[in-house]
Amino acid sequence: MKVHSKNFRNLFYSQLFANIGDILYIVGLISYIYTITRSATSSALVPIIITIGMFISGFISPYIYQFLTKKNVLVIFQFSKIIIMLVIILTILHSNQILLIYILIFLNSFFDGFTNPVKNSMIPLIEKETMIAPSNAKMNTMNNTIQVGGWAIGGILLASIGYINIIFFTIFLYILSFIFILKLSEINELKEEKKSMIASFNSMLKKNISNKLSLFFNISTFIESFAHSVWIAAILLVYIQSFLNLNVIWFGFINSLFFGGMIFSGILVNFKYDIFQKKSSFIIISLPIIISILNASFAMHKLIIIALICSFLYGFFDETRTIILNSKLQNDLSSEDITQTYILSNMVYSFSFALSTLIISYIVDHSSVIYAFIIGGLSYLFVWILGMFFKKVLI
């Protein structure tokens, strides 16, 4: 039986506690902001501010990474997030400065923008090559499980202990995450010649454009975001209520099966990764055809049982492709190139997901929700075409 390294276990638990905290504090602050303002719009600004913070950090992170090891990036910015939470507590207790809360939310997500590319690029540095795919599978399964359960747990905690105590609990989780980060071993890294902030950002862009695998990954990320935005709660609720004419409870079933498929994929790849690795070219290049059909199928019928099955299959296939594609990146690229790729990927996804959400929401409001799923299907069709164009670097 193959065992994960001690460093991977420390990274895994650090991200486990940090990710739970990230969801819980959002639940707490959305509740707090709505309680103070009685405005749904004010509460809805929270995820938008988070997206902006993570996007802007991408312009600065290539410059910052020149001076810090990957471990130090995690140490410094996770500690900074603990400080941010403490300031949020003081702000809630001593004033109702909503603007200051927005600024602190921005800073917290801004710091996340530095840690996210690093934690993704660390896996090939702390694991053997044969363990990269199962490590990605385990990380993704953990993240998806938290996405499924975190909001439910957040709602329960909100009702039982209130938003202030949720923030205190978040601080506790952040501290646990920080402790596990401190337990990570230092990794020897080759540092390039120091560059200015603009030069380092331009260098990051050039590396992503010149490296065909990185270029494919980021273009694919941009296109796929148009399919992913179809699956936000607002679009699914319209689909359930106006197209299928069903009770809103079915929204929960579709959403749960979607995430269930993702979690099942992570578990299966973790235990049978050698089989999936052998089929990696098919999974990365050709699987988007199947995913395209699954998305488009939602516009072709009004049978809830088929919608439930397709939700599970979409979650399963999309997550399988994500794990295998990330594993290929981490196997084929150097440590420096992996980090640069994930920096741009985070920026691309933040921007394109926000853009595609606005576009698809507008289309749904002014026509029919079925066009959202047709766009989702076409998006994956374009990803397949893109894969055929980049076939040489993907096989």
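One structure accompanies this document, and this report is about it. (Residues numbered from 1 in each chain as written. Predicted model: local features only at pLDDT ≥ 70, side-chain atom pairs only at ≥ 80, totals over all residues. Heavy atoms only, no water.)

**Things to note about the overall build of the protein chain**
From N to C terminus, the protein chain includes 16 helices and zero strands. Against the globule reference of 21 Å for 395 residues, the protein chain gives a C-alpha radius of gyration of 21 Å, in line with a compact fold. Overall, the C-alpha framework of the protein chain stretches about 55 × 55 × 45 Å when taken along its three principal axes. When the 395 residues of the protein chain are sorted by exposure, 54% land in the buried category. A sequence separation of at least 24 residues applies to 86% of the contacts in the protein chain between residues at least 6 apart. Carbon and sulfur atoms make up 70% of the accessible area of the protein chain, which totals about 17600 Å². In the protein chain, which carries 25 positive and 16 negative side-chain charges, the distance between the mean positions of the two groups comes to 4 Å. (Helix = DSSP H or I, 4+ residues; strand = E, 2+ residues; numbered from the N terminus. Rg over C-alpha atoms; globule rule 2.2 N^0.38 Å. Buried < 20%, exposed > 50% of the residue type's maximum accessible area, 1.4 Å probe, protein only. Contact = heavy atoms within 4.5 Å. Areas by Shrake-Rupley, 256 points an atom, 1.4 Å probe, with all protein chains shown as cover. Lys, Arg positive; Asp, Glu negative; His and termini not counted. Charge placed at Lys NZ, Arg CZ, Asp CG, Glu CD.)

**Some words on the environment of Cys310**
Positionally, Cys310 belongs in helix α13 (residues 304–332). Overall, Cys310 belongs to the buried group, its relative accessible area being 9%. Sequence separation between Cys310 and Ala227 is 83 residues, and the spatial gap between their C-alpha atoms is 14 Å. Among all residues touching Cys310, those that are not within four sequence positions of it are Leu294, Ser297 and Phe298.

**Describing the environment of Tyr13**
Among the structural elements, Tyr13 can be located in helix α1 (residues 6–37). Separated by 164 residues in the primary sequence, Tyr13 and Ser177 place their C-alpha atoms 6.8 Å from one another.

**Looking at the pattern of salt bridges**
Within the structure shown, the criterion is met by four salt bridges. Among the charged side chains, a salt-bridge network with shared partners connects Asp22, Lys81 and Asp112. (Salt bridge = Lys/Arg side-chain N within 4 Å of Asp/Glu carboxyl O.)

**What about the environment of Ala137?**
Assignment of secondary structure puts Ala137 in helix α6 (residues 132–182). Here the alpha-carbon distance between Ala137 and Thr320, two residues 183 residues apart in the chain, equals 8.4 Å. Those residues in contact with Ala137 that sit more than four places away from it in its chain are Gly266, Val269, Asn270 and Ile323.

**A look at the packing of aromatic side chains**
Following the criterion strictly, the structure yields 32 aromatic pairs and no others. Residues Phe59 and Phe201 carry aromatic rings whose centres are separated by 4.9 Å and whose planes lie at 35° to one another, so their mutual orientation is tilted. On the criterion of sequence distance, the pair formed by Phe59 in helix α2 (residues 40–65) and Phe201 in helix α7 (residues 197–210) is long-range, its members being 142 residues apart. By relative accessible area, Phe59 is classed as partly exposed at 34%. A network of ring pairs unites the aromatic residues Phe8, Phe12, Tyr13, Phe17 and Phe180 as a single cluster. A cation over an aromatic ring shows up here: Lys302 above the ring of Phe243, its NZ or CZ 5.0 Å from the ring centre. (Phe/Tyr/Trp six-rings, centres within 6.5 Å; stacked < 30°, edge-to-face > 60°. Lys NZ or Arg CZ within 6 Å of the ring centre and 35° of its normal.)

**Some words on the packing of α1 against helix α4 (residues 98–121)**
Each pair of packed helices gets described by two things: the angle between the helix axes and the distance between those axes. Between α1 and α4, whose axes approach to 12 Å, the crossing angle comes to 160°. Between α1 and α4, the crossing angle belongs to the class labelled roughly antiparallel. In the packing of α1 onto α4, the handedness of the crossing is left-handed. Contacts from Leu11, Gln15, Asn19, Asp22, Tyr25, Leu29, Tyr32, Ile33, Ile36 and Thr37 of α1 reach α4 at Ile98, Ile101, Tyr102, Ile105, Asn108, Asp112 and Lys119. The class makeup of the residues in the contact of α1 with α4 is 10 nonpolar, four polar and three charged. (Axes fitted to C-alpha atoms, helices over the stretch in contact; angles between N-to-C directions. Parallel < 35°, antiparallel > 145°, perpendicular 65-115°, else oblique. Left-handed = near helix turned anticlockwise from the far one by under 90°. Nonpolar A, V, L, I, M, F, W, Y, C, P; charged D, E, K, R; others polar.)

**Looking at the packing of helix α3 (residues 70–94) against α4**
It is the contact of α3 with α4, at a shortest axis distance of 9 Å, that shows an interaxial angle of 160°. Our classification of the angle between α3 and α4 gives roughly antiparallel. Our pair here, α3 against α4, has a crossing hand that is left-handed. Between α3 and α4, the residues in contact are Lys70, Val73, Leu74, Phe77, Ser80, Lys81, Ile84, Met85, Val87, Ile88, Thr91 and Ile92 and Leu100, Ile101, Leu104, Leu107, Asn108, Phe111, Asp112, Phe114, Thr115, Val118 and Ser121, respectively. Of the residues belonging to the contact of α3 with α4, the class tally is 15 nonpolar, five polar and three charged.

**Describing the nonpolar core**
Generally speaking, nonpolar side chains in soluble globular proteins are found buried as a group. Formed by 56 residues in total, the largest nonpolar core has its most connected members in Tyr25, Ile88 and Ile105. Secondary-structure elements contributing two or more residues to this core are α1, α2, α3, α4, α5 (123–126), α6, α7 and α14 (335–366). Sort the elements by how many residues they give to this core and α1 lands first, with 11 residues. The contact partners of Ile105, leaving out residues within four places of it in the chain, are Tyr25, Leu29, Ile33, Val46, Ile49 and Ile50. (Core = buried A, V, L, I, M, F, W, Y, C linked by side-chain atoms within 4.5 Å.)

**Thoughts on unusual backbone geometry**
In this model, Asn245 sits at a positive phi of 55°, which is unusual for a non-glycine residue. Along the chain, Asn245 turns up in the loop between α9 (233–243) and α10 (249–271). When its relative accessible area of 56% is taken as the criterion, Asn245 is described as exposed.

Worth remembering: the numbers are spatial, not functional.
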